[in-house]
Structure formats: C-alpha cells, structure tokens
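Next come the chains, spelled out residue by residue.
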Amino acid sequence: MDDTFVPLTPLSLLYHSPFTPKKTRNMIDNKAIFNISYGLFVLVARQGEKDNACIINVAQQVTSEPLQIAICVNKANLTHDMVLKTLKFNLCPLSEEATMKPFQHFGFQSGREVNKFAECEQEFRTDNGLLYLPKYINSVISCVVTKSIDLGTHTMFIARVMEAKVLTDSPSITYAYYQQHIKPKPMAAAQPSSGGKKKWVCEVCGYVYEGDELPADFICPWCKHPASDFKLLE
Ligand SMILES: Cc1cc2nc3c(=O)[nH]c(=O)nc-3n(C[C@H](O)[C@H](O)[C@H](O)COP(=O)(O)O)c2cc1C
C-alpha cells in the first residue's frame, strides 16, 4: 500500500484519536499554510509581583455566547508558564501605530533575562491587576483561562472574556502588514561597510553585526537566532 495513503476516519474519531494521521508531508504546500491570516498581539501576564509580556500571532475569538478567546503559546516562553499558573492574561491587539520597538522588546527577548516593564513610562492596569501598553495597541481584552490543551510544543488556552475596552481607533495589524511595513528588510536595512570592518546581517530580524569576524557562537541580540542565520554583506 502507498505509505502516503490516509484512510478515511469518522470525524468523531479524529477529534479524540490519540494517533496522528499517516505521513502527509509531501501533500503540504507551505505557501497554502502561509495564506492563513493572523493578527499580532501583546500577551500580558502577572505572577506575584512579576509583570511580563510576549508577542503572539495565534489568537482568535472562538465563540460569542459565552464570549471565548483561544490563544496558542510556546511552552518555552515565560509568559506561557505565567498564564498556566495564574489562569489570567490580557490580550492586546497591536495597531498600525506599532513600530519595530514593541516586537524587539516583547518578542525577541525573554522575561527570564530582563524585566520588560522596567522602563514603562506609565502604568496602565485593567481590573484584574494586569498591565497593558500605553501605546502601540488599540484595545485590551482581559481573560480568565477555562481550559488548556497540550499541543506538544505549545499550549492552547481557551479563555472567557471578563473585560474589554477600545483605546484608539488605529486599525489592528496583520502578520502580513508586519512583514511588509514594520519588519526591517535585511538587505535594505544594511549597506556593506566601506571601512575595514565587515558586516553580517541577521536574515531573520535584520540586526547587523560589524567586526573582523562573526563569532561562531554569536547569538543575535534581537531575535536570539544563531550565527548560521547571519549573511555576510558583500
Ligand atoms: C512577530 C512575532 C510573532 C510571534 N508569535 C508568537 C506566537 O504566536 N506564539 C508564541 O508563543 N510566541 C510567538 N512569538 C515569540 C515570543 O514573543 C518570544 O519568544 C518572546 O521573547 C517570549 O518572551 P517571554 O519568554 O518573556 O514570554 C512571536 C514573536 C514575534 C516577533
């Protein structure tokens, strides 16, 4: 039998099946997956006296009665552990006012290493005691987690909306808008060095390293990708 053959399975079995379907990789065109549209959000949590937040793109309203949101967060993120422990979060849609700054600040470094809210000029909190940003976002939605689903690398949290308010009328951004208008274009952002030093650009986020040689163990300070993701500018 062709090993890509996937037997038809009743839908009810798929929902509860502990088995993953047989190999379908060669039938998957990633471009089709990239055509799924996403928003971008700051996900805020608070555990004890620690405030933290990260950027996520997987968030959606899933039901209206009751009003429920689903988010998906990588288990490696500190924010993930904080949400899992406290069962509370603020979801803040990023707006067209956002620059690269909130992405670098909340999406390219972990609250395990830095206090991301240390230099927050003004403190804004919702009734649940969690922070939200004074700019870059257009709304804040406070949620309580009712269910979590272990998806391997990520956890999906299903949550009830407890409070929601609009802050500005600036439109929400999509992932495609971020790629086109906010994320630096690696090659455009960096011109080759004219002096004695060489330049390497991070092909993931556009960070430019300048020096005689790029250290083999170099880690991009913006997006944490390794030296292998850097390209020499010539
Ligand atoms: C554009 C963008 C989209 C991201 N989307 C997600 C996402 O959907 N889920 C997720 O878990 N992390 C996502 N991240 C990565 C986290 O924001 C990042 O790992 C962050 O540094 C984690 O911080 P923390 O450890 O303080 O929670 C995204 C980052 C960026 C820049």
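Structure's up top.
Presented here is a report on the structure given in the accompanying data block.

As for the overall build of the protein chain
Here's step 1: Regarding its fold elements, the protein chain presents six helices and 12 strands.
Here's step 2: Residues counted as buried form 25% of the 234 residues belonging to the protein chain.
Here's step 3: When contacts within the protein chain are restricted to residue pairs at least 6 apart in sequence, those whose partners lie at least 24 apart make up 58%.

Some details on the sheet that holds strand E11 (residues 208–211)
Here's step 1: The three strands are arranged E11-E10-E12 in an open sheet whose pairing can be described as antiparallel. Edge positions in the sheet fall to E11 and strand E12 (230–232), since each has one partner strand and no second. Shown here is a sheet whose adjacent strand axes are inclined to one another by a mean of 25°, direction ignored.
Here's step 2: Where strand E10 (residues 198–202) meets E11, four bridges bridge the pair, whose relative direction is antiparallel. Each bridged residue has a counterpart across the sheet, and for Trp 200 the counterpart in E11 is Tyr 209.

Considering the site of the ligand
Here's step 1: Near the ligand lie 20 residues; those nearest to it are Asn 74, Thr 79, Gly 107, Ser 110 and Gly 111.
Here's step 2: When residues of the shell around the ligand are traced back to their parent elements, those giving at least two are strand E2 (50–56), strand E4 (67–74), helix H3 (78–86) and helix H4 (100–107).
Here's step 3: If you tally residues by element for the shell around the ligand, the top one is E2, at four residues.
Here's step 4: Counted by class, the shell around the ligand contains 10 nonpolar, nine polar and one charged residues.

Side note on the nonpolar core
Here's step 1: Counting 35 residues, the largest nonpolar core has Phe 41, Val 42, Leu 43, Val 44, Leu 91 and Cys 92 as the members making the most contacts within it.
Here's step 2: Tallying contributions element by element places strand E1 (residues 41–47) first for this core, with five residues.
Here's step 3: Judged by nonpolar contacts, the second largest core, of eight residues, contains Trp 200, Cys 205, Tyr 209 and Cys 220.

Some points on the sheet that holds strand E3 (residues 59–64)
Here's step 1: In space, the seven strands of this open sheet follow the order E2-E1-E5-E8-E9-E4-E3, with antiparallel pairing throughout. Each edge of the sheet is formed by a strand with only one pairing partner; in this case those strands are E2 and E3. Direction aside, neighbouring strands of the sheet carry axes that sit 35° apart on average.
Here's step 2: Against the sheet, H3 touches E1, E2, E4, strand E5 (88–93), strand E8 (139–150) and strand E9 (154–166), its axis set at about 55° to E1.
Here's step 3: Taken strand by strand, H4 contacts E1 and E2, and its axis lies near 120° from that of E2.

Side note on the environment of Asp 81
Here's step 1: Mapped onto the elements of the fold, Asp 81 is located in helix H3.
Here's step 2: The spatial distance from the C-alpha of Asp 81 to the C-alpha of Thr 155 is 9.9 Å, given a sequence separation of 74 residues.

Focus: the environment of Tyr 175
Here's step 1: With respect to the helices and strands, the residue Tyr 175 is situated in helix H5 (residues 175–182).
Here's step 2: As for Tyr 175 and Gly 39, which are separated by 136 residues in sequence, their C-alpha atoms are 5.6 Å apart.
Here's step 3: Not counting the four nearest positions on each side in its chain, Tyr 175 is found in contact with Tyr 38, Leu 40 and Asn 57.

Side note on H3
Here's step 1: Burial in H3 covers these residues: Thr 79, His 80, Met 82 and Val 83. With its buried residues spanning 165° around the axis, H3 presents them on a single face.
Here's step 2: Against E1, E2, E4, E5, E8 and E9 lie the buried residues of H3.
Here's step 3: Leu 87 lies just past H3 and shows a positive phi near 60°.

Rules behind the numbers
What you see as residue numbers is a count from 1 along each chain, following the sequence as written. For this predicted model, a pLDDT threshold of at least 70 governs which residues receive local features, and a threshold of 80 or more governs which side-chain atom pairs are given and counted, while totals over whole chains, interfaces and linings are taken from all residues. Counting from the N terminus, the helices are the DSSP runs of H or I reaching at least four residues and the strands are the DSSP runs of E reaching at least two. Burial in this document is a count-based property: other C-beta atoms within 10 Å of a residue's C-beta are tallied, and the residue is buried at 20 or more, exposed at 12 or fewer, or partly exposed in between, with C-beta positions derived from the backbone. In this description, any two residues whose backbone-derived C-beta atoms lie within 7 Å of each other are considered to be in contact. Strands were regarded as paired on the criterion that DSSP finds at least two bridges between them. As a rule, the C-alpha atoms of each element are fitted with a line to give its axis, helices using only the stretch in contact, and angles between N-to-C directions run from 0 to 180 degrees. The criterion for a residue being near a molecule or strand is simple: its C-beta atom, placed using the backbone, must lie within 6 Å of it. As a working rule, the residues Ala, Val, Leu, Ile, Met, Phe, Trp, Tyr, Cys and Pro are called nonpolar, Asp, Glu, Lys and Arg charged, and the rest polar, with Gly in that last group. Only buried residues count toward a nonpolar core: Ala, Val, Leu, Ile, Met, Phe, Trp, Tyr and Cys, linked into one set through C-beta atoms within 7 Å. Relevant arc is that of directions from the helix axis to the C-beta atoms, nothing else.

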